[in-house]
Amino acid sequence: MSAGGPGEQRPPGGAAEHRGVQEKAAREYKEVLSGITEAIDAMRERDRARAAELARELVRFDENFQLAAERAAVSRFIVELHWEAALEALWVESWLQLRPKPAPDLSVDAADFAALDAEVGRRAADLQEAVRRRRFGFPRR
């Protein structure tokens, strides 16, 4: 029988060896914990860097969005001016049935804004030229 009670066994080598095993286990536990802590700290640092990068990217996206919104507003304004000028030019053409302004075509590529604005300008100029020729009796081409 052991001193600890019936059925209880003492580790071989006595109390000193048992303390040594416990100390070794505690050291290994601390090393594992230290490695986990380092990994968590490194992950947090990467997360901070990524969050800063995403914040900068968000600012760029917001600036681009604002520029696109301003560009769209200018385009809508230009189209409205051309439409009003067309209505005014065609007002004297009583035989012509004028239609409402068409809605914007949302399927176009936004990257083509400059080309589309230029096309609106060309078409408006063509209309103004045709009306001018008709009013002043200039021969058609």
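Below you will find a few notes about this structure. (Residues numbered from 1 in each chain as written. Predicted model: local features only at pLDDT ≥ 70, side-chain atom pairs only at ≥ 80, totals over all residues. Heavy atoms only, no water.)

Considerations on the overall build of the protein
What counts, and what does not: Each helix is a run of H or I in the DSSP string that is no shorter than four residues. Each strand is a run of E no shorter than two, and both are numbered from the N terminus. Throughout this description, buried means an accessible area under 20% of the type-specific maximum (1.4 Å probe, protein chains only), exposed means over 50%, and partly exposed covers the range between. Whether two residues are in contact is decided by their heavy atoms, any of which lying within 4.5 Å being enough. Only the protein chains shown count as cover for residues, and the accessible areas themselves come from Shrake-Rupley with a 1.4 Å probe.
The number of helices and strands found in the protein is two helices and zero strands. Of all 141 residues assigned to the protein, the portion counted as buried reaches 8%. Long-range pairs, those at least 24 residues apart, make up 52% of the contacts in the protein with a sequence separation of at least 6. Accessible surface, the protein: about 12200 Å² in total, of which carbon and sulfur atoms supply 60%.

Side note on a nonpolar patch on the surface
Selection criterion: A patch consists of residues whose relative accessible area exceeds 30% and which take part in no salt bridge; residues with like charges are grouped when within 9 Å of each other, and nonpolar side chains (Val, Leu, Ile, Met, Phe, Trp, Tyr) when within 5 Å. Should a side-chain nitrogen of Lys or Arg be within 4 Å of a carboxyl oxygen of Asp or Glu, the pair is scored as a salt bridge.
Taken together, the side chains of Tyr29, Val32, Leu33, Ile36, Ile40 and Met43 make up a nonpolar region of the molecular surface, amounting to roughly 560 Å² of accessible area. Tracing the chain through its elements places Val32 in helix α1 (residues 14-90). Note on Val32: relative accessible area 52%, which makes it exposed.

What about helix α2 (residues 113-136)?
Applied cut-off: Expected span of a helix, by definition, is 1.5 Å for each gap between consecutive residues, and there is one gap fewer than residues.
Its 24 residues place the ends of α2 34 Å apart at the C-alpha level, agreeing with the 34 Å of an ideal helix rising 1.5 Å per residue. What α2 keeps buried is the set Asp117, Ala124, Val131 and Arg133. At its buried positions, α2 is contacted by α1.

Examining the pattern of salt bridges
Close approach of charged atoms allows side chains with opposite charge to pair. Evaluated as defined, the whole model comprises ten salt bridges. Its salt-bridge partner being Arg133, residue Glu129 comes within 3.7 Å of it at the nearest N-O pair. Taken together, the residues Glu129 and Arg133, both in helix α2 and four residues apart, mark about one turn of the helix. Shared partners join several salt bridges into a network, and the residues in it are Glu119, Arg122 and Arg123.

Some details on the packing of α1 against α2
Put simply, the rule is: Convention adopted: a line fitted to C-alpha atoms gives each axis, helices being fitted over their contacting stretch, and angles between N-to-C directions are expressed from 0 to 180 degrees. Angle categories: roughly parallel below 35 degrees, roughly antiparallel above 145, roughly perpendicular from 65 to 115, and oblique for all the rest. Residue classes follow a fixed rule: Ala, Val, Leu, Ile, Met, Phe, Trp, Tyr, Cys and Pro count as nonpolar, while Asp, Glu, Lys and Arg count as charged, and any other residue, Gly among them, counts as polar.
Axis separation between α1 and α2 bottoms out at 10 Å; the angle between their running directions is 10°. The orientation of α1 relative to α2 falls into the category roughly parallel. Note on element contacts: α2 touches α1 through Phe113, Ala114, Asp117, Val120, Gly121, Ala124, Leu127, Gln128, Val131 and Arg135, opposite Ala68, Arg71, Ala72, Ser75, Val79, His82, Ala85, Ala86, Glu88, Ala89 and Leu90. Within the contact of α1 with α2, the residues separate by chemical class into 13 nonpolar, four polar and four charged.

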